[in-house]
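Here are the chains, one letter per residue:
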Amino acid sequence: MGALRPEPVLDGRAWRDGECEGAGFVPRTAVRTQHSSTAVRMAAAGVGVLFTSSHELTGLDCVHVPADPPWRRSVTVFSRVQLSRAAGEFARPLREVAGRDQEADGTGSG
C-alpha cells in the first residue's frame, strides 16, 4: 500500500488541527484510510470525525460543518497529447475557474 498524501498545511501547521481546535477539541488520529467512502461510513457510524467534500455525505445521517474559510487545493491537468473529448470536457470548467481566480488575485494576463 502506498504512502498517504501529506495533510494540507496552513501557516506552518496542519489545517485539520486548526479546524478541530476551532470546534473545541484536539484531534487524535487513530485510523487512516485511503478510501474516502470508508472514512465517511466510519464517521456516520459514530466512530470519528472526518474532513471530506459535502457531496460524500448525501443520504447519510451526518452533521455537516463547513470549513470557514473553505479549504481549496490546486488541480492540475497535464497531457502530452491533445485531450480526448471527455478529458477536454473535464478540463474546461477547471480552466474557467482558474481564469476567474487569476483575475481576482491579479495574476491573470488580461
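Residues numbered from 1 in each chain as written. Predicted model: local features only at pLDDT ≥ 70, side-chain atom pairs only at ≥ 80, totals over all residues. Heavy atoms only, no water.

> I'd like to hear about the confidence of the model for the chain, residue by residue, with values.
The predicted model of the chain averages 79 in pLDDT, with 85% of residues at 70 or higher. Mean pLDDT values over the elements of the chain span from 78, in strand β1 (residues 9–10), up to 86, in helix α2 (residues 36–44). (pLDDT = per-residue confidence, 0-100. Helix = DSSP H or I, 4+ residues; strand = E, 2+ residues; numbered from the N terminus.)

> Describe the layout of surface pockets, with residues and values.
Approximately 2200 Å³ is the volume found for the largest pocket. Contributing to the lining of the largest pocket are 49 residues, with Trp-15, Val-49, Leu-50, Phe-51 and Thr-52 lying nearest its centre. Elements supplying a minimum of two residues to the lining of the largest pocket: α1 (15–22) and α2. Residue composition of the lining of the largest pocket, by class: 26 nonpolar, 12 polar and 11 charged. (1 Å grid on protein atoms, 1.4 Å probe; cavity = no way out; pocket = protein on both sides within 12 Å on 5 of 7 lines; lining within 4 Å. Points joined across faces, edges and corners; volume = space filled by probe spheres on them. Nonpolar A, V, L, I, M, F, W, Y, C, P; charged D, E, K, R; others polar.)

> Lay out a nonpolar patch on the surface in plain terms, naming residues and giving numbers.
Together, Val-31, Met-42 and Val-47 make up a nonpolar patch on the protein surface, roughly 260 Å² of accessible area in all. Along the chain, Val-31 turns up in the loop between α1 and α2. (Patch = residues over 30% accessible without salt bridge, like charges linked within 9 Å, V, L, I, M, F, W, Y side chains within 5 Å. Areas by Shrake-Rupley, 256 points an atom, 1.4 Å probe, with all protein chains shown as cover. Salt bridge = Lys/Arg side-chain N within 4 Å of Asp/Glu carboxyl O.)

> Now, about the pattern of salt bridges: what can you tell me, with residues and values included?
This structure, assessed with the given rule, holds four salt bridges. Note that Arg-92 and Glu-89 form a salt bridge whose closest N and O atoms lie 3.1 Å from each other. On the criterion of helical spacing, the pair formed by Arg-92 and Glu-89 is a turn pair, its members being three residues apart in helix α3 (residues 85–105). Given the relative accessible area of 41%, Arg-92 is considered partly exposed. Residue classification places Glu-89 among the partly exposed residues on the basis of a relative accessible area of 44%. Of the charged contacts, one joins Arg-92 and Glu-96 as a salt bridge, the two residues approaching to 3.5 Å between their closest N and O atoms. Within this pair, Arg-92 and its partner Glu-96 are both found in helix α3, separated by four residues, close to a single helical turn. Three or more residues joined by partner-sharing salt bridges are found here, namely Glu-89, Arg-92 and Glu-96. (Buried < 20%, exposed > 50% of the residue type's maximum accessible area, 1.4 Å probe, protein only.)

> Quick one: what's the story with α2, residue by residue and with numbers?
Every buried residue belonging to α2 is among Ala-39, Val-40 and Ala-43, and all of these are buried. The arc that holds every buried residue of α2, seen down its axis, measures 100°, which confines them to one face. Just downstream of α2, Gly-46 is the residue with a positive phi angle, here 90°. (Arc of directions from axis to C-beta.)

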